[in-house]
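These are the residues of each chain, in order.
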Amino acid sequence: MAKVLLALHGFHSSPNSLKIQQMSAYLANHHPDIIFISPQLPCLPEQMWQLITSVFSQYSNDQIAVMGSSLGGYLATKVADQYQVKTLLINPAVSPWRLLAYEGAQQHPYTKERYQIDETYLKQLKSLNVAYKGTMQQCWVLLQEEDEVLDYRQALEKYKHCKITCEPGGAHCFNGFERYLSDIINFLF
């Protein structure tokens, strides 16, 4: 049975995000036995979920863990709930459909894909919401209080049954993520 780590990036981000690159390099140097998967997520929520479920189908006989940041953390919460896998959430979005109030034409900054944030998009996004009741053994949440995009207190409330590391200061990108790489892998696997 292989060990697989699925990494889910945030809104309008990519597998080239710093956290994903740091994890990829760490695994290559210290845990080359772990298969690291970080797909470019499609723009539409329904397609995001289809891609995620396809990874679980492909690796159905393996030990899968998931990490997600921001919108990727929101998606990872659904993964954790549905597949009961160990999960790391980094400054996760709790109610992203409330944050994406700027409806209209969009262009993804990395893929250049054009799409619409409209009522259908927001309904698809909201349909992925779960009332997750993870435990300290299943889910670890990394938060920084000075996240300029998300209110960390919403995550403190939603994930109160999970292991939480909440730091003063910081930013939405979670400054100093590399400090936790070894502990994250020990937790997930």
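Keep in mind it's a predicted model, so treat the numbers as computed, not measured.

(A) Summary view of the overall build of the protein. Scanning the protein for helices and strands turns up 7 helices and 8 strands. Computed over C-alpha atoms, the radius of gyration of the protein comes to 16 Å, within 12% of the 16 Å expected from 2.2 N^0.38 for 189 residues, which places it in the range of a compact globule. Each principal axis of the C-alpha atoms in the protein carries an extent, and together these give about 45 × 40 × 30 Å. Residues counted as buried form 52% of the 189 residues belonging to the protein. Across the protein, contacts joining residues at least 24 apart in sequence account for 69% of those joining residues at least 6 apart.

(B) Here's a closer look at the pairing of strand E3 (residues 63-69). Most of E3 sits inside the fold, with 6 of its 7 residues counted as buried. When E3 meets strand E4 (residues 87-90), the two strands line up parallel, connected through 4 bridges. The residue of E4 that forms the bridge with Met67 is Leu88. For the crossover that starts at E3, traverses helix H3 (residues 71-83) and ends in the parallel E4, the hand is right-handed.

(C) A look at the sheet that holds E4. Taken together, 6 strands build an open sheet; the order of strands is E2-E1-E3-E4-E7-E8 and the sheet is parallel. The sheet is open, and its two edges are formed by strand E2 (34-37) and strand E8 (163-167), each paired on a single side. Direction aside, the axes of adjacent strands within the sheet are offset by 15° on average. The pairing of strand E1 (residues 3-8) with E3 spans 6 bridges and is parallel. Paired with Ala7 across the bridge in E3 is Met67. Those strands touched by helix H7 (residues 181-188) are E1, E2, E3, E4, strand E7 (139-144) and E8, and its axis lies near 155° from that of E7.

(D) The environment of Cys173, seen in detail. Along the chain, Cys173 falls in the loop between E8 and H7. Under the relative-accessibility criterion, Cys173 is labelled partly exposed at 42%. With 62 residues separating them in the primary sequence, Cys173 and Thr111 have C-alpha atoms 20 Å apart.

(E) Representation of the environment of Gly72 within the structure. With respect to the secondary-structure elements, Gly72 resides in helix H3. Residues Gly72 and Asn61, 11 residues apart in the sequence, show an inter-C-alpha distance of 23 Å. Setting aside residues no more than four positions away along its own chain, Gly72 makes contact with Leu8, His9 and Gly10.

(F) A look at helix H5 (residues 119-127). Along H5, the residues classified as buried are Tyr121, Leu122, Gln124 and Leu125. Axial view of H5: buried residues confined to an arc of 160°, hence all on one face. Exposed residues pointing more than 90 degrees away from the buried face of H5 are listed as Glu119, Lys123 and Ser127. At its buried positions, H5 is contacted by helix H2 (45-58), H3, helix H4 (96-99) and strand E6 (114-117).

Analysis parameters
Residues numbered from 1 in each chain as written. Predicted model: local features only at pLDDT ≥ 70, side-chain atom pairs only at ≥ 80, totals over all residues. Heavy atoms only, no water. Helix = DSSP H or I, 4+ residues; strand = E, 2+ residues; numbered from the N terminus. Rg over C-alpha atoms; globule rule 2.2 N^0.38 Å. Buried < 20%, exposed > 50% of the residue type's maximum accessible area, 1.4 Å probe, protein only. Contact = heavy atoms within 4.5 Å. Pairing = 2+ DSSP bridges. Right-handed = clockwise from strand over helix to strand, strands pointing away. Axes fitted to C-alpha atoms, helices over the stretch in contact; angles between N-to-C directions. Arc of directions from axis to C-beta.

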